[in-house]
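# Overview (structure and organization)
Here is how the chains run, residue by residue.
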Amino acid sequence: MEGFDYSRLDSRIERDAYKKRASTPYYYKFRAAKRWILISAIAVLTGFVAVFMTVCTRRLSELRFEWISPAFRSQGVNGSNQVLEAFLRNLLFAVSFAVLGYAIASREVMSHGGGLTKVKALLNGIKVPKAVRATTLLCKIFGTTFTVISGLPAGKLAPLIHCGAIVGGGLSQGKTLKCCNGRKYKFSIVGRRDFRNDREKRGFVTMGTAAGVASAFGAPIGTFFSSTLYIVCNCPISTNLFMY
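First things first, this report covers the structure right here in the doc. Predicted, not measured: the structure shown is a model, and the values here were computed from it. (Residues numbered from 1 in each chain as written. Predicted model: local features only at pLDDT ≥ 70, side-chain atom pairs only at ≥ 80, totals over all residues. Heavy atoms only, no water.)

### Brief notes about helix α7 (residues 198-217)
- An ideal rise of 1.5 Å per residue puts 28 Å on 20 residues; α7 measures up with 28 Å between its terminal C-alpha atoms.
- In the segment just after α7, G218 is the residue with positive phi, at about 65°. (Helix = DSSP H or I, 4+ residues; strand = E, 2+ residues; numbered from the N terminus. Expected span 1.5 Å × (residues − 1).)

### Remarks on the packing of helix α2 (residues 27-73) against α7
- Two elements in contact, α2 and α7, have axes separated by 9 Å at closest approach and are oriented at 35°. Crossing handedness for the pair α2 and α7: right-handed. Every residue of α7 that contacts α2 at R31, R35, L38, I39, I42, A43, T46, G47 and A50 is listed here: E200, F204, M207, G208, A211, G212 and S215.
- Broken down by class, the residue content of the contact of α2 with α7 amounts to eight nonpolar, five polar and three charged. (Axes fitted to C-alpha atoms, helices over the stretch in contact; angles between N-to-C directions. Left-handed = near helix turned anticlockwise from the far one by under 90°. Contact = heavy atoms within 4.5 Å. Nonpolar A, V, L, I, M, F, W, Y, C, P; charged D, E, K, R; others polar.)

### With respect to helix α5 (residues 134-149)
- Taking 1.5 Å per residue as the helical rise, α5 with its 16 residues ought to reach 22 Å, and the 23 Å between its terminal C-alpha atoms agrees with that figure.
- The set of residues buried in α5 consists of T136, L137, C139, K140, I141, G143, T144, T145, F146, T147 and I149.
- Trailing α5 by a residue or two, G151 shows a phi angle of about 95°, which is positive. (Buried < 20%, exposed > 50% of the residue type's maximum accessible area, 1.4 Å probe, protein only.)

### A look at the pattern of salt bridges
- Considering all chains together, one arrives at two salt bridges under this definition.
- Close ionic contact of R59 with E62 constitutes a salt bridge, the shortest N to O distance being 3.0 Å. With a gap of three residues between them, R59 and E62 both fall in helix α2, about one helical turn apart.
- Of the residues examined, R59 reaches a relative accessible area of 43% and is grouped as partly exposed.
- We classify E62 as partly exposed; its relative accessible area is 42%. (Salt bridge = Lys/Arg side-chain N within 4 Å of Asp/Glu carboxyl O.)

By themselves, these figures tell us nothing about what the structure is for.
Encoded structure:
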């Protein structure tokens, strides 16, 4: 099982690069500003994911009510036909969306389940393949939405935490994405030398996880304590301050 390397590099090449960057005007100020911008973007996008899932769930619930309501307005004997027709309509609606959610989640194995255990393993130094990929995020969003609306015993709380971790890891690294046609497109929004290492990635994933907890439970202050105590206990003090 492969793990992350959180230790800092200590070589002549790294020390020379550090001195060169330190002599660049406003380099570290620009890097700090970029960090704050990324943290704000992670919080906003995680909140957008939570709002999107909530709006879709409510809209699909309204569609379910509109689909079942005509059964009660039809004519029947002592209301038995109306109840049976409403039951069958509700059953068809639930089974259809349950199958659709399963089909979407099956596209990416890492989108199965709540995802909280994967995030905990990731933040404690274990490399979990494809745990913070964009494909996992899309399958997580739509799979969770369809599963919840189908009436299965599942919720949006743990998946939102996983979605926040994916947003944090994706925005901070900006690595290669694979499109549907099999071609790969590279893009970078943070630069190649700023935050592309295991130590920085864990910090941004932690901040995304905190944003996911805040979006799921609506408790920004409690997010800081829960993320610190229950998710990752060995983060640097600076990461905890940024997360707060």
